[in-house]
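Here is how the chains run, residue by residue.
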Amino acid sequence: MEQSCVPLWDESGELRRGCTVREALVWLTKHGSHSAGEDVCVNGVSYKIGRLLYGPDRPEVADKAIFRICDGYYRQLNLSV
């Protein structure tokens, strides 16, 4: 069975340095953890995942490296960049 590379975590289970918000969200939506219609909180600001991935006016925060990640109440993803 082929194992795919997870952009969020390194081999030791730590947050992978340099993983951007967009890279993480592409992987999470592709593998069914979250959908494009859900909200994600980045530095305290709420965004629709689809806007960070596909929007023509994609915010700059989508291309910034993640510093910290946590799954909050009701599975809301919270990221710090």
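The structure displayed is predicted, hence computed values, not measured ones. (Residues numbered from 1 in each chain as written. Predicted model: local features only at pLDDT ≥ 70, side-chain atom pairs only at ≥ 80, totals over all residues. Heavy atoms only, no water.)

Draft legend 1. Here's a closer look at the sheet that holds strand β3 (residues 68–71). If you walk across this open sheet you meet the 4 strands as β2-β1-β4-β3, and the pairing is mixed. In this open sheet, the two strands that pair with only one neighbour each are β2 (45–48) and β3. Taken over all neighbouring pairs, the strand axes of this sheet differ in orientation by 25° on average, direction set aside. (Pairing = 2+ DSSP bridges. Helix = DSSP H or I, 4+ residues; strand = E, 2+ residues; numbered from the N terminus. Axes fitted to C-alpha atoms, helices over the stretch in contact; angles between N-to-C directions.)

Draft legend 2. Structural detail: the pairing of β2. Pairing between strand β1 (residues 39–42) and β2: 4 bridges, direction antiparallel. Bridge assignment links V40 to a residue of β2, and that residue is Y47. Between β1 and β2, which follow one another and run antiparallel, lie 2 residues, and N43 among them has a positive phi close to 55°.

Draft legend 3. Seen up close, the nonpolar core. By size, the foremost hydrophobic cluster in this structure holds 19 residues, and its most contacted members are L25, V40, L52, I66 and L79. Looking at this core element by element, the count peaks at 5 residues for helix α1 (residues 21–30). Setting aside residues up to four positions removed in sequence, L79 forms contacts with V21, V40, C41, V42, N43, I66, R68 and I69. (Core = buried A, V, L, I, M, F, W, Y, C linked by side-chain atoms within 4.5 Å. Buried < 20%, exposed > 50% of the residue type's maximum accessible area, 1.4 Å probe, protein only. Contact = heavy atoms within 4.5 Å.)

Draft legend 4. How the structure looks around the environment of H31. For H31, the location among the structural elements is in the loop between α1 and β1. Among the polar contacts made by the side chain of H31, one reaches the main-chain carbonyl oxygen of W27 at a distance of 3.0 Å. (Polar contact = N/O pair within 3.5 Å; in protein donor to acceptor, adjacent residues only side chain to side chain.)

Purely geometric numbers; function is a separate question.
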